[in-house]
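Architecture at a glance
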Amino acid sequence: MSSEFEIIRKYFTRPAPTAELGVGDDCALLKPDPRMLLAVSTDMLIAGRHFFPDADPAKLGHKALAVNLSDLAAMGADPRWATLAVALPEAEEQWIAAFAEGFFRLAARWGMELVGGDTTQGPLAISVTVLGEVPQEFVLRRDAALAGDDIWLSGATGEAALALAHLKGRVKLEGAAREACLARLHTPEPRVELGGRLRGFARSAIDVSDGLLADLGHILEASGIGAELAWDSLPRAAAIAACPDKALAADCLLAGGDDYELAFTAPPFRRSEIEAMGKDLEIPLTRIGAAVAGDPVVALRGSGGKLISSPRKGFDHFA
């Protein structure tokens, strides 16, 4: 069995050319661009809470970083550095090697460098901290939305939650629908490039990790506005549209977690530019409603403007 320091040296020590000092000392030494704001985010994944204990380690390595990259995307920040802390029941080198492979493969795609962290024995848990840079004048914040803004959503929501329902036996997915949903759950794609491109176009943004209505609600609360969404305008993946359990599909669409799409607001005069941006990036961008003056609640309207009951709920880490 390898020691803690052998594990770090063998699997997690990589060159970090943009850092003054990376892995191997008491602290990393970083030199942020003085013209930029430093965006910092931390997420923790716990076995049995955020992932199944027997999860594929390579996919888990990908997801552990992806959920943090999604936070940087929501701020319009460019990824720079990361730290990683892992608690492991045992030092199984095959598991560690696969996890590191998944983590570093995604990190390489975005030029992100691992500059520090920790390993210890304990219940399986993973904590990643990411650091990115964003120009101060273009940062995307939750509190900057205005009444009259369009509300947009990248991609579609619900597939990851539907995959979880499948794994728990609440619904049976087959074929392409099964594969698509499981991929969304286990290897989400953070919208990093989209987040950067939205600088100067969007006013506010958030990553949809705990449910569309719940996360959109954070923008509304921070900005002191309400929202009206059109039920028929919400984009639906094929598996959601075809799900025979319509109540489950609606719950996944509105309140399912682990989507890591971006919900954002932008002034109406930006519509054509945002539509062109989506085509250029090959990412569906859908205008799902509008921000309105009033209390920070979401009014979900069906055909004919009928109000649909839609309690704002999402993933609760203490439920």
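Provided above is the structure to which this section pertains.
Throughout what follows, the structure given in this document is the object of discussion. From a predicted model like this one, the values you see are computed outputs, not experimental measurements.

1. Examining the layout of surface pockets
Quantified by volume, the second largest pocket comes out at close to 390 Å³. Forming the walls of the second largest pocket are 21 residues, and the residues nearest its centre are Ile8, Val23, Gly24, Asp25 and Gly117. The element contributing the most residues to the lining of the second largest pocket is strand β3 (residues 113-121), with six residues. For the lining of the second largest pocket, the class distribution of residues is ten nonpolar, six polar and five charged.

2. With respect to helix α10 (residues 271-281)
Residues Ile274, Met277, Gly278 and Leu281 constitute the buried set of α10. Looking straight down α10, one finds its buried side chains confined to an arc of 100°; they lie on one side. Of the exposed residues in α10, those oriented more than 90 degrees away from the buried face are Ser272, Lys279 and Asp280. Lining the buried residues of α10 we find β5 (150-154), α6 (192-197), β8 (261-266) and β9 (285-292). The positive-phi residue at the C-terminal boundary of α10 is Glu282, with phi of around 60°.

3. What to know about the pattern of salt bridges
With the rule as written, the count across this model stands at 17 salt bridges. Linking Asp33 and Arg35 is a salt bridge whose minimum nitrogen-to-oxygen distance equals 2.6 Å. A salt bridge links Arg80 to Glu133, with the shortest nitrogen-to-oxygen separation between them at 2.4 Å. Of this pair, Arg80 sits in strand β2 (residues 78-88) while Glu133 is found in strand β4 (residues 125-135), placing the two residues 53 residues apart along the sequence. Residue classification places Arg80 among the buried residues on the basis of a relative accessible area of 19%. One continuous salt-bridge network, built from bridges that share partners, spans Glu159, Arg184, Arg191 and Glu261.

4. Concerning the pairing of strand β6 (residues 204-208)
Within β6, five of the five residues are buried, which leaves it mostly tucked inside the rest of the structure. Every second residue of β6 is oriented toward a common face, with Ser204, Ile206 and Val208 on one face and Ala205 and Asp207 on the other, all of them buried. Pairing analysis gives five bridges linking β6 to β8, with the strands arranged antiparallel. Within β8, the position partnered with Ser204 by the bridge is Thr265.

5. A short note on the nonpolar core
Of all hydrophobic cores here, the largest spans 37 residues; its most connected members are Leu162, Val171, Leu229, Leu234 and Ile288. Membership of the second largest hydrophobic core comes to 35 residues, among which are Leu45, Phe99, Val128 and Val192.

6. Regarding the pairing of β4
Burial of β4 is extensive: eleven of the eleven residues sit out of reach of the surface. The side-chain alternation of β4 yields two buried faces, one formed by Ala125, Ser127, Thr129, Leu131, Glu133 and Pro135 and the other by Ile126, Val128, Val130, Gly132 and Val134. Note that β2 and β4 share nine bridges and pair antiparallel. Pairing of Pro79 across the sheet is with Gly132, part of β4.

7. Some remarks on unusual backbone geometry
Note on backbone geometry: most residues besides glycine have negative phi, and most peptide bonds are trans. For Asp258, which is not glycine, the phi dihedral falls at a positive 70°. Secondary-structure assignment places Asp258 in the loop between α9 (246-255) and β8. You will see that Tyr260, though not glycine, has its phi angle at about 55°, which is positive. Inspection of the secondary structure assignment puts Tyr260 in the loop between α9 and β8.

8. Topic: the packing of aromatic side chains
For the structure shown, the criterion picks out four aromatic pairs. Ring centres of Trp95 and Phe99 lie 5.4 Å apart, and the angle between their planes is 10°; this geometry places the pair in the stacked category. In this pair, Trp95 and Phe99 are both assigned in helix α3 (residues 93-109), four residues apart and thus about one turn of the helix distant. Both residues of the pair, Trp95 and Phe99, belong to the buried class. Judged by centre distance (6.4 Å) and plane angle (25°), the rings of Phe99 and Phe103 are stacked. Placement of the pair is Phe99 and Phe103 together in helix α3, with a separation of four residues, close to one helical turn. For Phe99, a relative accessible area of 1% gives the class buried. Sitting above the plane of the Phe104 ring, Arg14 keeps its charged end 3.8 Å from the centroid. Above the ring of Trp231, the side-chain terminus of Arg236 is found at 4.4 Å from the ring centroid.

What counts and how
- Residues numbered from 1 in each chain as written.
- Predicted model: local features only at pLDDT ≥ 70, side-chain atom pairs only at ≥ 80, totals over all residues.
- Heavy atoms only, no water.
- 1 Å grid on protein atoms, 1.4 Å probe; cavity = no way out; pocket = protein on both sides within 12 Å on 5 of 7 lines; lining within 4 Å.
- Points joined across faces, edges and corners; volume = space filled by probe spheres on them.
- Helix = DSSP H or I, 4+ residues; strand = E, 2+ residues; numbered from the N terminus.
- Nonpolar A, V, L, I, M, F, W, Y, C, P; charged D, E, K, R; others polar.
- Buried < 20%, exposed > 50% of the residue type's maximum accessible area, 1.4 Å probe, protein only.
- Arc of directions from axis to C-beta.
- Contact = heavy atoms within 4.5 Å.
- Salt bridge = Lys/Arg side-chain N within 4 Å of Asp/Glu carboxyl O.
- Pairing = 2+ DSSP bridges.
- Core = buried A, V, L, I, M, F, W, Y, C linked by side-chain atoms within 4.5 Å.
- Phe/Tyr/Trp six-rings, centres within 6.5 Å; stacked < 30°, edge-to-face > 60°.
- Lys NZ or Arg CZ within 6 Å of the ring centre and 35° of its normal.

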